[in-house]
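A structural walkthrough
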Amino acid sequence: QTFQQPSFKGLFSLAIHWHHTASKSLNFAWQQHEDHFEVQYANTVMRFDYVWLRDNCRSASCYNSKTHQRSLDTASVDLCIKPKTIRLDETTFFFTWPDGHVTRYDLDWLVKNSYEGQKQKVIQPRILWNAEVYQQAQVPSVDFQSFLETKEGLKMFLQNFLLYGIAFVENVPPTQEHTEKLAERISLIRETIYGRMWYFTSDFSRGDTAYTKLALDRHTDTTYFQEPCGYNNYDRAVINTVPYDVVHRWYTAHRTLTVELRRPENELWVKLKPGRVLFIDNWRVLHGRESFTGYRQLCGCYLTRDDVLNAARLLGLQA
Ligand SMILES: C[N+](C)(C)CCCC[C@H](N)C(=O)O
Ligand SMILES: O=C(O)CCC(=O)C(=O)O
Ligand SMILES: [Fe+2]
C-alpha cells in the first residue's frame, strides 16, 4: 500500500513526491528523480541510473534465464532514457519505458545488486596471519580419504584455504598419481613449461635453482608468465621499464617489502614429508626452503585460480 506525502523542495521545483511504503514488515521509501531512481531502505540510500535499470532488465526479451546472459544490446539503450512511469506493487517495482517495454525489479534484487548493497556485502573473509596466529589457530588438516570422498572434507579444506591461503591434506599415498588425483578433485591442472605434474629433485634437470640443493628465499612462482600464478625476486628480469629517477624509489619499496617478509615472526616453517600435500595460494602466501643435503624429491602442480575459486563457490563458500 502506498500513500503520498507531497513535500516541496524550493519554491520553483516541482513537488517532489516521496513514496513511503510499509507493505508487510518492510519499511522503505522511493523516489523518481529527473535523472535517477532512489530507494531508501534499511538505513541505506540507493541510487539507480535509468540506463542501468534498463540494461539489467530480466524480461524474457532482454535476458536469457537459462544461461544467465543478457540478450539486450546495451548499446541500443538511449543514454538519456527515463521511465514514463514507475509503479510499485507490494515490493516489486515496474518501470514502463517510452517504447512501452516494462522492466520489473523486486526490492531485494535492487538492494542486493546496488552499489551501496554490494559495499556492505561480506567479501570472502581472509585471516591475515603470522606464524604465531596460524599455529594458535590449530587449523585442522584434512585427511586424504575424506578430502577425496566427502563433500564436507573438500569444503572444509577449501574454507581453510580461502581463510589462510594455505591448507594441508594428510595421509596421501606418496605418489605422483595420488597427488594428481588430489589436485583434480579441486580444479584444473595447469600445463606449464615445467609440465602438467612436476616431479623434481636436485638434479638440475631444468635450468632453475629449484632443481638444486640451494636455499630459496621466500618467493612466488611464475612471475614471468603473462598470467602468472603470482610474482618473485629470483626470476625478476632486469628492470628497464622504470625511468632512472624512479629506480631508487622502486628499490626502497622493494626493501621495505623484503624486510617485512623476512621478519622471523612472519615465517611459518613446515616439515614436508611423504604423504603431506600443501596447497598454497600463490597470490597471498610466499614459499621457500632451506638448503639441504641428501636426496629430496617433490611433486606437485599449478592449479588454475578461477577453477579453484569456482570449486569453492559450487560448495556454497564465498570466494
Ligand atoms: C619446480 N617447480 C615447477 C615447482 C617450480 C619451478 C619454478 C621456477 C621459477 N623459479 C619460478 O619460481 O617460477
Ligand atoms: O623445494 C621446495 O620446497 C620449493 C621449491 C620451489 O620453490 C619451487 O620449486 O618453486
Ligand atoms: Fe617456488
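Look above for the structure.
I will try to describe carefully the structure that is included in this document. The model shown is predicted, which means the values in this text are computed figures rather than measured ones.

Below, the discussion takes up the pattern of salt bridges. Oppositely charged side chains can pair when the atoms bearing their charge come close. Evaluation of the coordinates by the stated rule reveals ten salt bridges. The partner of arginine 70 in a salt bridge is aspartate 55, and the shortest N-O contact between them spans 3.1 Å. Pair noted here: arginine 70 is in strand E7 (residues 69-70) and aspartate 55 is in helix H1 (residues 50-55), with a separation of 15 residues, a long-range link. With a relative accessible area of 39%, arginine 70 lands in the partly exposed category. Ionic pairing is found between arginine 276 and glutamate 170, a salt bridge with its closest N-O pair at 3.0 Å. For arginine 276, a relative accessible area of 25% translates into the label partly exposed. When salt bridges with common partners are traced through the structure, they connect Asp217, Arg218, Arg262 and Glu267 into a single cluster.

This part is about the sheet that holds strand E9 (residues 92-96). Read from one edge of the open sheet, three strands run E8-E9-E10, paired in antiparallel fashion. Only two strands of the sheet have a single partner each, and these edge strands are strand E8 (85-89) and strand E10 (102-106). Each adjacent strand pair in this sheet contributes to an overall mean axis angle of 20°, direction not counted. Looking at chain direction, E8 and E9 are connected through five bridges and run antiparallel. When the bridges of E9 are listed, aspartate 89 appears paired with threonine 92.

The rules we used
Residues numbered from 1 in each chain as written. Chains lettered and ligands numbered in written order. Predicted model: local features only at pLDDT ≥ 70, side-chain atom pairs only at ≥ 80, totals over all residues. Heavy atoms only, no water. Salt bridge = Lys/Arg side-chain N within 4 Å of Asp/Glu carboxyl O. Helix = DSSP H or I, 4+ residues; strand = E, 2+ residues; numbered from the N terminus. Buried < 20%, exposed > 50% of the residue type's maximum accessible area, 1.4 Å probe, protein only. Pairing = 2+ DSSP bridges. Axes fitted to C-alpha atoms, helices over the stretch in contact; angles between N-to-C directions.

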